[in-house]
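Architecture and fold: a report
Read off the chains here:
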Amino acid sequence: MSQIVTIPHVNDRRGNLGFVELGAPIDFSIKRVYYLYDVPGGAERGAHAHRELQQLIVAVSGSFEVELYDGFTRRSFHLNRAYEGLLVRPGSWRELRNFSSGAVCLVLASMEYDESDYIRDINEFERFVRQ
Ligand code: TYD
């Protein structure tokens, strides 16, 4: 199930350190890392789903919102802590918005980039999850 997970981290007077590895807090191997940065105010990203891709989305700096839609229910998550991540399972329509100035959205992904894994039409997505 898609959910917020706590990223293991060590707090230190010299600065804190978070770490992600297979086992905690993710149960998939990372094949790709990408990140969104310099997102202009008011911009929206996402608006698609994936057939198989799993992701951990982290606000490593600043904040933003992720709305997930499973074809029946919409849930909104506010990400603003570098030690929390949103685990997004396949079959989740996602919309990212309300990026703060300087926000960086880091995404750890289970697969290499593959456009054929995307569903970019919401009607097709609803058919996909309701079949
Ligand atoms: P997209 O996943 O649609 O962005 P978002 O969901 O954040 O709005 O990707 C935008 C463009 O970037 C698209 O043309 C594909 C390209 N892209 C890559 O080439 N490699 C990648 O790993 C990603 C995530 C996107």
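Within each chain, residues carry numbers counting from 1 in the order of the written sequence. Note on the predicted model: pLDDT of at least 70 is required for a residue's local features to be given, and 80 or more for side-chain atom pairs to be given and counted; whole-chain, interface and lining totals, by contrast, use all residues. The side-chain numbers reported here are obtained from all heavy atoms of the structure, hydrogens and water having been left aside.

1. Some thoughts on the sheet that holds strand β7 (residues 45–50)
Strand order in the open sheet made by the 5 strands is β10-β9-β12-β7-β14, with antiparallel pairing throughout. Here the strands that pair on one side only, and so sit at the sheet edges, are β10 (74–79) and β14 (118–119). When DSSP finds two or more bridges between a pair of strands, those strands are recorded as paired. Helix and strand assignments come from DSSP, with helices taken as H or I runs of at least 4 residues and strands as E runs of at least 2, each series counted from the N terminus. Bridging between strand β9 (residues 64–69) and strand β12 (residues 93–97) involves 5 bridges; their strand directions are antiparallel. Paired with Glu-65 across the two strands is Arg-97, which belongs to β12. Note on contacts: a residue pair qualifies if any of its non-hydrogen atoms lie within 4.5 Å across the two residues. As a rule, the C-alpha atoms of each element are fitted with a line to give its axis, helices using only the stretch in contact, and angles between N-to-C directions run from 0 to 180 degrees. Running at roughly 55 degrees to β9, helix α1 (residues 122–130) makes contact with β7, β9, β10, β12 and β14 of the sheet.

2. Quick look at the packing of aromatic side chains
Pairing of aromatic rings covers Phe, Tyr and Trp, the last counted by its six-membered ring, and requires centre-to-centre distances within 6.5 Å; plane angles under 30 degrees mean stacked, over 60 mean edge-to-face, and any other angle means tilted. Taken as a whole and judged by the stated rule, the model has 5 aromatic pairs. For the pair Tyr-35 and Tyr-37, a centre-to-centre distance of 5.6 Å together with 45 degrees between the ring planes defines the contact as tilted. Taken together, a centroid distance of 6.0 Å and an interplanar angle of 55 degrees make the contact between Tyr-69 and Phe-125 tilted. Of the two residues, Tyr-69 sits in strand β9 while Phe-125 sits in helix α1, which places them 56 residues apart along the sequence. No difference in accessibility class separates Tyr-69 from Phe-125, as the two residues are buried. Among the aromatic residues, those joined into a cluster by ring pairs are Tyr-69, Trp-93 and Phe-125. Positioned over the ring face of Phe-128 is Arg-51, at 5.7 Å from the centre of the ring. Placement of a positive charge over a ring is assigned whenever Lys NZ or Arg CZ falls within 6 Å of the ring centre and within 35 degrees of the normal to the ring plane. We note Arg-74 situated over the ring of Tyr-69; from NZ or CZ to the ring centre the distance is 4.5 Å. Remark: exposure states derive from per-residue accessible area (1.4 Å probe, protein chains only) relative to the maximum for the residue type, with buried under 20%, exposed over 50%, and partly exposed in between.

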